[in-house]
Amino acid sequence: MQLPQVSVPFAPEQASTFAPEVDALYLYLILITLFFSVLITSLIIYFAIKYRRRDPDELPRPRAGSLVLESLWSVIPLLISMTIFAWGASTYFKLYRPPQEAMQVYVVGKQWMWKFQHQTGQREINELHVPVGARVRLTMTTEDVIHSLFIPAFRLKMDVVPGKYTNAWFEATKTGTFYLFCAEYCGTNHSGMGGHIVVMEPTAYQQWLSGGTSESAAGQGGKIFQERGCNRSGIPTPVHHADLSGAVERGANPATDRLSPLARRARAGRRDGVGDGQQRRDDHDERRRARHTTLEPARADATRARTGRRRRAGLDFAGRDALATHGHASPAPVVARAFARAAVIR
Amino acid sequence: MSTALETPDRRTAEFRTRHPHVNYLNANYGIKSWLLTVDHKRIGLLYLFGVTFFFLLGGVYAGAIRLELMTPAGDLVQSATYNKLFTQHGILMIFFFLIPSIPATLGNFLIPLMIGAKDLAFPKINLLSWYIYMLGAGITFYALLTGGIDTGWTFYVPYSTAFSNTYVVAAGLGIFIAGFSSILTGLNFIVTIHTMRAPGMTWFRLPLFVWAHYATSLIMILGTPVIAITILLVALERLAHIGLFDPRLGGDPVLFQHLFWFYSHPAVYIMILPSMGVISEIVATFSRKNIFGYTFVAFSSIAIAVFGFLVWGHHMFTSSQSVYAGMIFSIISYAVAIPSAVKVFNWTATMYKGSISYDTPMLYAFAFIGLFVIGGMTGLFLAALGLDVHVHDTYFVVAHFHYVMVGGALMGYLGGMHYWWPKISGRMYPEGWARFASLVIFVGFNLTFFPQFLLGYMGMPRRYHAYPVDAPVWQVLHVMSTAGASVLGIGLLIPGIYFIWSMRYGRFAPSNPWPSTGLEWRTASPPPTENFLVTPVVTWEAYEFRPIEEMRVVGPGDAPAQPVDGVQPKAITET
Ligand code: HEM
Ligand SMILES: [Cu+2]
Ligand SMILES: [Cu+2]
């Protein structure tokens, strides 16, 4: 169905293929709501004035009900609501049925940041660069609690759930920088768990991928992730995108990255010790949490050993590791990883 | 039902001449006579005391939330504190105010009166339910004071089971305990409505308030055990890591959401159905008409109670639940909206060719209908799958449920309090002030919550301590909302003041001030402890308005009505 392009006031920009469709549905609902609320309100006001009590003793004639009216005002709203249902359901199917042909991005939520990894290995935190006009498929999980990736300009939202992978996809239709939020309450710094999504021209995106300076990456590359606590503005505005140097050093490029999982693991292994900013920060984070551990030492040790091994293999990006190794079949490594994280927090 | 009071037989003429106005309030005095009372009317007032306290406390939290959101930066309180504020606001308002509000106060007070009974079926269980409520509320209150809780009123796992460092188990324990008071109240109502109706009070002569409470009670006794077990499982998971919800232990976090909403969606109808019952009474009385489509309105309550159990998954459209399950929950959500729409149409039709007065309760009924239409219609937005993906967990949802819970449930509660205040206290409230306050509340309410629809669609997530600085419109809308909240807060204080004032200085209320048709108006204001001195026999249909002179003389119930001007009242028949 070809929908007329609508734009509604008080709406975020329309920057994905879903946005006009969701807005059109929204407008449809607004019109229905206007119709019914104006109808009911004006009837009430009209009756209240027309039939106001003029004499304290007046007694209007009682009325019997009307089966015809009752049926009309049950069936008509039901029919209207079925059209809403059908439209809503068809949009929903599009939103949550990722196409086969799509650029893959892995997403991992953790308290309180979003980690993204491109198919080519580049990683980012709280910022995601994508090309305009390309289908992007998000495969997502979390290291700790439930979060929800929310991009208002794309009208897209999907929870990330511990112990499983969730999917979403979009096709951006407009270049620019748009908000990215965590929509599912996830603890102290929930409102700081956000950033931006940067939609770029494909060429600029390629440049960005290969570590070149695109206008957006140039200003922000290498900035250290700011914890919300020290960011007065509320939302981490100049969102850091991950220190790309590590990825670049590793020689990530689309060609080599289409290695088999095993080969990739091996390559990552060879790169043992290269490290990058993110990994250092992760480690720091891990240590910080470990200090608060209440686990018995053995369990904590095992936990550290497990993450340690993973680190040494350069596979600190759990979601990617798991996916590369097991496809969608088994989320086990992520779970182990999430366990390691969560266990020390308690 | 015998009361525990050692009082002489009040029916004797001799007693009545010596104590002209003996009623449930002055029958005896002293704190013990209240704390050990088994009179449903006094227990209703005990509940009123409890829910009002928690409403005020919840309101204080709300005020702090609104102040924080005036500026984009999280500068008034810390994030951790903010998270406690909205969690505690939600827990108090939902579990300790809205759920018990109308059923346990007005329902308790009125159901026996409306069906012509002396009390509920189990007066002592009724008192027990108040103690259970106070115990549960006390425990939660203690948890809030000593440490607080920050999980959101929804307790989503694994945050609540493995990550939050706050008093989840203690606060949960209070809710768990208070749940039993809900179950007992529901049980009491159902048994009472089945077995204690006065002669002639057939099912289809019951006031719609009673039907609504019957439906509410069904939800209470069927739904509350589910939240009880869910909270218990959260506590076990948290304390003993039993592995139900935690994937690391083989559990499933989404399972929790199913369990939680299986209760909590029906629970929203626990909040709104009684309010709808109040509106039916008010609209009939102040239009002087029988409710149009009585049976449809009565059965729509039952339909809501039944279908309400089948739509819980509409809270989980983005949770990774299967898209097919999502479709089923969506379509049933539309089905459950229809009975609500039917009620609205019937109330409107009742006003047609009525005799409409603008007394305060009716003003609240107008407000209820208008706001509930918006609240209910925005429910349709949220049940539209593809649209909910965008607005889920944003301020749009916050605005939706405040329109139904404050614009709907609270307006109904306030309307009901005004409507029955003469019966409860024996005094009239000051009408001018009351109309003024209802206007302030209406304006304040809309100013508070309408901007939140816009904020939500623009993408402002809920439960956010801070929001982007580079979105100036967001701040404008938040400031409007905070301004509205101040107006609303003041508006809500006014009735609190004049109700208390009227208990001493208000004009004495006649037994049937409006006048109205229900049995509760055919006994004295305030009623005697045993409600009716003679068992009423019902010979009229629900909302059957008789000539006004006749209506004015049908009460009070402590003396058989005298014929006036040759009109023989049929209301009360001596048995
Ligand atoms: C008339 C039909 C109604 C429909 C179709 C409806 C639909 C919905 C839907 C789909 C949601 C989930 C939104 C989301 O989280 O994305 C929702 C949330 C909610 N609704 Fe309604 N609703 C209706 C009436 C009511 C009523 C009468 C009440 C209460 C008196 C109510 C209270 C709530 C609450 C409290 C929430 C939010 C729960 C939370 O996430 O904290 N709704 N409603
Ligand atoms: Cu979050
Ligand atoms: Cu619901």
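Just so it is clear, the structure is predicted and the values come from calculations on it, not from any experiment.

Cut-off values and rules
- Residues numbered from 1 in each chain as written.
- Chains lettered and ligands numbered in written order.
- Predicted model: local features only at pLDDT ≥ 70, side-chain atom pairs only at ≥ 80, totals over all residues.
- Heavy atoms only, no water.
- Salt bridge = Lys/Arg side-chain N within 4 Å of Asp/Glu carboxyl O.
- Helix = DSSP H or I, 4+ residues; strand = E, 2+ residues; numbered from the N terminus.
- Donors = N, O, S within 2.8 Å, 3.2 Å for Na, K, Ca; no water.
- Near = heavy atom within 4 Å.
- Polar contact = N/O pair within 3.5 Å; in protein donor to acceptor, adjacent residues only side chain to side chain.
- 1 Å grid on protein atoms, 1.4 Å probe; cavity = no way out; pocket = protein on both sides within 12 Å on 5 of 7 lines; lining within 4 Å.
- Sits in = over half its atoms within 2 Å of the grid points.
- Tetrahedral: all angles 85-135°; square planar, octahedral: opposite > 155°, others 65-115°.
- Buried < 20%, exposed > 50% of the residue type's maximum accessible area, 1.4 Å probe, protein only.
- Axes fitted to C-alpha atoms, helices over the stretch in contact; angles between N-to-C directions.
- Parallel < 35°, antiparallel > 145°, perpendicular 65-115°, else oblique.
- Contact = heavy atoms within 4.5 Å.
- Left-handed = near helix turned anticlockwise from the far one by under 90°.
- Nonpolar A, V, L, I, M, F, W, Y, C, P; charged D, E, K, R; others polar.
- Domains from an automatic or database assignment.

Undergrad: Honestly, the pattern of salt bridges in this entry has me stumped. Any pointers?
TA: As a working rule, side chains carrying opposite charge can pair if their charged atoms are close by. Counting across every chain of the model gives 11 salt bridges over all chains. Among the salt bridges present, the one from aspartate 23 of chain A reaches arginine 155 of chain A, with a minimum N-O distance of 2.7 Å. Highlighted residues: aspartate 23 of chain A in helix H1 (residues 18-50) and arginine 155 of chain A in the loop between strand S6 (147-151) and strand S7 (156-160), separated in sequence by 132 residues. The residue aspartate 393 of chain B makes a salt bridge to arginine 462 of chain B at a minimum N-O spacing of 3.5 Å. On the criterion of sequence distance, the pair formed by aspartate 393 of chain B in the loop between helix H13 (385-391) and helix H14 (395-425) and arginine 462 of chain B in the loop between helix H15 (431-458) and helix H16 (472-505) is long-range, its members being 69 residues apart.

Undergrad: Could you clarify how one ought to interpret the coordination of the iron atom of ligand 1 in this entry?
TA: Around a metal, the ideal angle is 109.5 degrees if four donors adopt a tetrahedral arrangement and 90 or 180 degrees if six donors adopt an octahedral arrangement. Residues and elements named next belong to chain B. There is one protein donor for the iron atom of ligand 1, and it is His400 (NE2), at 2.2 Å. The distance between the iron atom of ligand 1 and the copper ion (ligand 3) is 4.5 Å. Along the chain, histidine 400 falls in helix H14.

Undergrad: Sorry, what's going on with the site of ligand 1 here?
TA: Residues and elements named next belong to chain B. Close to ligand 1 lie 20 residues, the nearest being Trp153, Asp388, His392, His400 and Arg462. The contact in question runs from an oxygen atom of ligand 1 to an N or O atom on the side chain of tryptophan 153, over 3.0 Å. In this structure, histidine 392 approaches ligand 1 through a side-chain N or O atom, which is 2.7 Å from an oxygen atom. With respect to the pocket detection grid, ligand 1 is positioned in the largest cavity. For the shell around ligand 1, the secondary structure elements donating two or more residues are helix H9 (253-287), helix H12 (360-383) and H14.

Undergrad: For this particular structure, what's the right way to read the coordination of the copper ion (ligand 2)?
TA: Residues and elements named next belong to chain A. Donor atoms from the polypeptide that bind the copper ion (ligand 2) are Cys182 (SG), Glu184 (O), Cys186 (SG) and His190 (ND1), placed at 2.1 to 2.6 Å. Here the copper ion (ligand 2) is ringed by 4 donor atoms whose angles at the metal span 87 to 129°, and the overall shape comes out tetrahedral. Positions of the donor residues of the copper ion (ligand 2) along the chain correspond to the pattern C-x1-E-x1-C-x3-H. Comparing cysteine 182 with histidine 190, the two get one shared label, buried.

Undergrad: Is there a simple way to think about the packing of H9 of chain B against helix H10 (residues 294-307) of chain B in this case?
TA: Between two packed helices, the angle of one axis relative to the other and the distance separating the axes together describe the packing. Residue and element names in this part refer to chain B. For the pair H9 and H10, the least separation of the axes is 11 Å and the interaxial angle reads 175°. In terms of orientation, H9 lies roughly antiparallel with respect to H10. Packed against H9, whose contacting residues are Tyr269, Leu273, Met276 and Ser280, the element H10 presents Val297, Ser301 and Ile304 at the interface.

Undergrad: Honestly, the packing of helix H3 (residues 40-68) of chain B against H16 of chain B in this entry has me stumped. Any pointers?
TA: Residue and element names in this part refer to chain B. Contact geometry for H3 and H16: axes closest at 9 Å, N-to-C directions at 155°. Between H3 and H16, the interaxial angle falls into the category roughly antiparallel. Note on packing geometry: the crossing formed by H3 with H16 is left-handed. Between H3, through Phe55, Arg66 and Leu67, and H16, the contact on the second element is made entirely by His478, Ser481, Thr482, Ala485 and Leu492. When the residues that make up the contact of H3 with H16 are grouped by side-chain class, the tally is 4 nonpolar, 3 polar and 1 charged.

Undergrad: Even after reading the chapter, I still don't get the domain arrangement of chain A, so can you show me in this structure?
TA: Accessible area lost when the parts come together is the quantity often used to give the size of an interface. All names here are of chain A. Assigned domains of chain A: these are domain 1 (1-46 + 65-95) and domain 2 (103-214 + 271-345). Contacts between the two partners involve 13 residues from domain 1, matched on the other side by 12 residues from domain 2. Our count for the contact surface shared by domain 1 and domain 2 stands at 2 salt bridges. A salt bridge links glutamate 13 to lysine 174; its shortest N-O distance comes to 3.2 Å. Our enumeration of links across domain 1 and domain 2 arrives at 10 residue pairs in polar contact (both at pLDDT 80 or more). Among the secondary structure elements, those contributing two or more residues to the side of domain 1 that touches domain 2 are H1 and helix H2 (67-96). The element contributing the most residues to the side of domain 1 that touches domain 2 is H1, with 4 residues. Partitioned by chemical class, the residues of the side of domain 1 that touches domain 2 number 7 nonpolar, 3 polar and 3 charged.

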